[in-house]
Amino acid sequence: MKRRSNDAFTGDKVPRLTKFLYPFSGIFRDACYALIGSFLLTYAMTTGVLSSNPDVYSAQYGVITIAMMIALVWDGINDPIMGFIVEKVHFKLGKFKPWILIGAIGNAVAVVLMFLVRLEGVADGWAYVGCMIAFYFLWDLFFTMNDVGYWSMLPSLTNDEGERAQLTSRVTVAASIGGFLMTAACFLLPTAFVSAGIGAGTVYGVIAIAISILFLVSQAAIFFFCQEKKRDAAQEEVSENTKLLDLFRIVWRNKQLLWTVIAMFLYYLACGVLTGGIGLYYFYLNVGYGSWQGGLAATLISVVYVVGNVAAQVLYPKIAKKMSKQKMLLLFSIIGFVAYAAFFLCCVPVFGEHPLAYNPVPETSSHFINDMGTGLSWAVGGTMFLYYLIPLIFFFTQGMIYMIILMMYQAAIDYQEWKYGERKESVAFAWRPLTVKLSSALLRGFQYLIFAIAGVSAYFSAVSSAEGKYNAIANTATDQATKAAAEVERNNTIFSAWQSVERWQLVTYGAITVGIIIVSTVIVLVLLRSKFKVNEELSAQITAELAERHEKNDAEAAAKTEQVAE
């Protein structure tokens, strides 16, 4: 009888279709997450949905920031609870796949609502603030379902170290590609159609619809075509007896898991500073707002991010065969520290009015580079290459450190089963999205404080007001002259606000940003070097002994089944 694609497989060799679809479906999953995680706040801050009054705008930005922090902290609590539910509640169609699909459906609806319900001018922007917060909580709930199901499935697919390294590498490559695609879309497209009379708010809406559909289709592919691994009979019984307090008991008892959870949190904190709002907003401040200026520079940085991370993820399995995880962690952390320091000295105006990485923006009648060709020649001219060369180095080291932490994380789950007789990977891996949400919440707070300390909120308020006025006119005016006049007013307002940004503000912004990254990475290095004890030799022993246990458990389960049948 031909095996169906959704039947469980046995052994540690992952089926070819699952090995392809499972990781690479993550491209659209992570692109959708990047849209919300990195650009929802940008959308709210720059497209005119908030008040045009600077004081009200600042208050609304503060309320949104606090609400997002609360939502992320609450979601951090929900992640382990969702892990408990996934561990406890099993569907006939699989332990993980149904949650992946249910979460994707709800996510698609919530994302579309967040970008299509604008309510410009209603209650001076407060109506939008209320709707955005409500939809954000809704999105958070459904994405958690999908996220916990998706990541919990990863360590369950195989115990083979080589097979796991290859699969994990593909998952992280897909995540890098997805994040890049959304970053490029959201930096290049929103202001690229101003001269055609299409505002940034409209473009964001189209992006939201497109990525929601692609995300839903990709997760449906996992549900219908990927296979889960057949569960060990003894572990199946352990899962069914899972209690809510196990969420905390396993990380408290299994210190190897605890150290990797803390390291994961600090890694996401460090990585999110540059690839999230804080680092990428710097380019709007330093080289100018617009698709072919700050947006293009940030997009090229994102290209470098993908290249560095993909290179790390591709090379990791080969390097791991020749060097232990602990040696790799030390080596790439040191290289990263040097690169971060170089970025601050070269890409922040420490020594003069301009950074060492600099190329004058060509003067235009509209104050903006208005075509990609001119923008690209400017973005790679002068000493601008420093903006991309230095990050290539530390993005590569970030990718290596991420792979090391992920592999340690999965080894800690194997250790959990080996030492304590219970695997519970859904509960254990639920702490990974928790670290994402908690670090994101902290980053929202850091961003608000950095904006306040560096005094740059007024700049983004001016951008939002200008974009909002233009968007309203572009969507209602029928004659071209009115639209052209609105475009001129928009450009002048934004350019004037950019000119008002001072050197001390950029230096302050850069120093805090790089400081957060270095401190977080130092703690990760010290923590894992001193506390994590599951080395390569112990991992090999654990894998061999678990294989023997599983074979014995399956034989006993088969014998019981035969006795019942008789």
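Look up: the structure comes first, before these words.
Residues numbered from 1 in each chain as written. Predicted model: local features only at pLDDT ≥ 70, side-chain atom pairs only at ≥ 80, totals over all residues. Heavy atoms only, no water.

(A) Representation of the overall build of the protein chain within the structure. Each helix and strand counted, the protein chain has 21 helices and 0 strands in total. Against the 2.2 N^0.38 benchmark of 24 Å for 566 residues, the protein chain shows a C-alpha radius of gyration of 25 Å, consistent with a compact globule. Overall, the C-alpha framework of the protein chain stretches about 85 × 45 × 40 Å when taken along its three principal axes. Of the contacts made within the protein chain by residues no fewer than 6 positions apart, 86% connect residues no fewer than 24 positions apart. Here the protein chain has roughly 22100 Å² of accessible surface; of this, 68% comes from carbon and sulfur atoms. (Helix = DSSP H or I, 4+ residues; strand = E, 2+ residues; numbered from the N terminus. Rg over C-alpha atoms; globule rule 2.2 N^0.38 Å. Contact = heavy atoms within 4.5 Å. Areas by Shrake-Rupley, 256 points an atom, 1.4 Å probe, with all protein chains shown as cover.)

(B) Here's a closer look at the pattern of salt bridges. What the rule picks out here adds up to 4 salt bridges. Across the pair arginine 29 and aspartate 147 runs a salt bridge whose closest N-O atoms are separated by 2.9 Å. Here aspartate 147 lies in helix 5 (residues 126-156) and arginine 29 lies in helix 2 (residues 26-46), a separation of 118 residues in the sequence. Of the residues examined, aspartate 147 reaches a relative accessible area of 3% and is grouped as buried. For arginine 490, the salt bridge goes to glutamate 467, with nearest N and O atoms at 3.1 Å. Taken as a pair, arginine 490 in helix 19 (residues 480-499) and glutamate 467 in helix 18 (residues 457-476) lie far apart in primary sequence, 23 residues in all. As far as burial versus exposure is concerned, arginine 490 and glutamate 467 are alike and both buried. (Salt bridge = Lys/Arg side-chain N within 4 Å of Asp/Glu carboxyl O. Buried < 20%, exposed > 50% of the residue type's maximum accessible area, 1.4 Å probe, protein only.)

(C) Seen up close, the environment of methionine 145. Along the polypeptide, methionine 145 turns up in helix 5. Methionine 145 gets classed as buried once you look at its relative accessible area, which sits at 15%. With 38 residues separating them in the primary sequence, methionine 145 and asparagine 107 have C-alpha atoms 9.3 Å apart. Not counting the four nearest positions on each side in its chain, methionine 145 is found in contact with Met82, Trp99, Ile102 and Gly103.

(D) Up close: the packing of helix 2 against helix 7 (residues 200-225). Look at helix 2 against helix 7: their axes get within 9 Å of each other, and the N-to-C directions meet at 155°. The orientation of helix 2 relative to helix 7 falls into the category roughly antiparallel. The handedness of the crossing between helix 2 and helix 7 is left-handed. Within the contact between the two elements, helix 2 uses Phe28, Arg29, Ala31, Cys32, Leu35, Phe39, Thr42 and Tyr43 and helix 7 uses Gly201, Tyr204, Ile207, Ala208, Ile211, Leu214, Phe215, Ser218 and Gln219. Residue composition of the contact of helix 2 with helix 7, by class: 12 nonpolar, 4 polar and 1 charged. (Axes fitted to C-alpha atoms, helices over the stretch in contact; angles between N-to-C directions. Parallel < 35°, antiparallel > 145°, perpendicular 65-115°, else oblique. Left-handed = near helix turned anticlockwise from the far one by under 90°. Nonpolar A, V, L, I, M, F, W, Y, C, P; charged D, E, K, R; others polar.)

(E) Broad picture of the layout of surface pockets. In this model, the largest pocket occupies a volume close to 530 Å³. As for the largest pocket, its lining consists of 26 residues, of which Asn286, His354, Tyr358, Val361 and Trp498 are closest to the centre. Of the residues forming the lining of the largest pocket, the biggest block, 3 residues, is contributed by helix 19. Partitioned by chemical class, the residues of the lining of the largest pocket number 15 nonpolar, 7 polar and 4 charged. (1 Å grid on protein atoms, 1.4 Å probe; cavity = no way out; pocket = protein on both sides within 12 Å on 5 of 7 lines; lining within 4 Å. Points joined across faces, edges and corners; volume = space filled by probe spheres on them.)

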